[in-house]
Amino acid sequence: MLSVLIGVLIICIVGAICFWAIDKFVNEARLANLLKLLVVLICLAAILQRVLPLAGISWL
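Residues numbered from 1 in each chain as written. Predicted model: local features only at pLDDT ≥ 70, side-chain atom pairs only at ≥ 80, totals over all residues. Heavy atoms only, no water.

K.L.:
I keep staring at the overall build of the protein and nothing clicks. Help me out?
P.N.:
What the protein contains, in helices and strands, is two helices and zero strands. For 60 residues, the compact-globule formula gives about 10 Å, and the C-alpha radius of gyration of the protein, at 14 Å, lies well above that figure. Dimensions of the protein, computed from C-alpha atoms along their principal axes, come out at roughly 45 × 20 × 10 Å. When each of the 60 residues of the protein is scored for burial, the buried share is 18%. Within the protein, contacts between residues separated by at least 24 positions form 47% of all contacts whose residues are at least 6 apart in sequence. In the form shown here, the protein has an accessible surface area of approximately 4900 Å², with 74% of it arising from carbon and sulfur atoms. (Helix = DSSP H or I, 4+ residues; strand = E, 2+ residues; numbered from the N terminus. Rg over C-alpha atoms; globule rule 2.2 N^0.38 Å. Buried < 20%, exposed > 50% of the residue type's maximum accessible area, 1.4 Å probe, protein only. Contact = heavy atoms within 4.5 Å. Areas by Shrake-Rupley, 256 points an atom, 1.4 Å probe, with all protein chains shown as cover.)

This is the structure we're talking about:
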C-alpha cells in the first residue's frame, strides 16, 4: 500500500513538472492546452494502473 502511495505521488510530481515545462516553453495556447490534456490522461492512466490491482481488477 505504501509503495502504491509513493508511486502515485511520483506520478503527480512528474505531471506537475510537465505542466510547468509546458507553461514555460510552449507559446501557442491551443498546443499548450492539448499537451496539458495529454499529460492529464497519461497521469490518470498510470495512476489507475497502480490502483486497480489493489481493488482486484486486472486491467492489462
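K.L.:
So what exactly am I meant to see when it comes to the packing of helix α1 (residues 2-25) against helix α2 (residues 29-51) here?
P.N.:
Helix-helix packing: each pair is described by the crossing angle between the helix axes and the interaxial distance. Taken N-terminus to C-terminus, the directions of α1 and α2 make an angle of 175°; their axes are 10 Å apart at the nearest point. Between α1 and α2, the angle falls in the class roughly antiparallel. Taken together, the residues of α2 that come into contact with α1 (itself represented by Val 4, Gly 7, Val 8, Ile 11, Cys 12, Gly 15, Cys 18, Phe 19, Ile 22 and Asp 23) are Ala 32, Leu 35, Lys 36, Val 39, Val 40, Cys 43, Ala 46, Ile 47, Arg 50 and Val 51. When grouped by side-chain class, the residues that make up the contact of α1 with α2 number 15 nonpolar, two polar and three charged. (Axes fitted to C-alpha atoms, helices over the stretch in contact; angles between N-to-C directions. Parallel < 35°, antiparallel > 145°, perpendicular 65-115°, else oblique. Nonpolar A, V, L, I, M, F, W, Y, C, P; charged D, E, K, R; others polar.)

K.L.:
Would you mind going over the nonpolar core with me for this structure?
P.N.:
Here is a general trend for soluble globular proteins: nonpolar side chains tend to be buried in one another's company. Listed in full, the five residues of the largest apolar core are Ile 11, Ile 22, Ala 32, Val 39 and Cys 43. Contributing elements (two or more residues each) for this core: α1 and α2. At three residues, α2 tops the list of elements feeding residues into this core. Ignoring sequence-local partners within four residues, the contact set of Val 39 consists of Gly 15, Cys 18, Phe 19 and Ile 22. (Core = buried A, V, L, I, M, F, W, Y, C linked by side-chain atoms within 4.5 Å.)

K.L.:
When you look at the pattern of salt bridges in this model, what are you seeing that I'm missing?
P.N.:
A side chain with one charge can pair with a side chain of the opposite charge if their charged atoms come near. Scanning the entire structure with this criterion turns up one salt bridge. Here Asp 23 makes a salt bridge to Lys 36, at a shortest N to O gap of 2.6 Å. Pair noted here: Asp 23 is in helix α1 and Lys 36 is in helix α2, with a separation of 13 residues, a long-range link. (Salt bridge = Lys/Arg side-chain N within 4 Å of Asp/Glu carboxyl O.)

K.L.:
Would you mind showing me how to read a nonpolar patch on the surface here?
P.N.:
A surface patch of nonpolar side chains, amounting to about 740 Å² of accessible area, comprises Met 1, Leu 2, Leu 5, Ile 6, Ile 10, Val 14 and Leu 54. One can find Leu 54 in the segment after α2. (Patch = residues over 30% accessible without salt bridge, like charges linked within 9 Å, V, L, I, M, F, W, Y side chains within 5 Å.)

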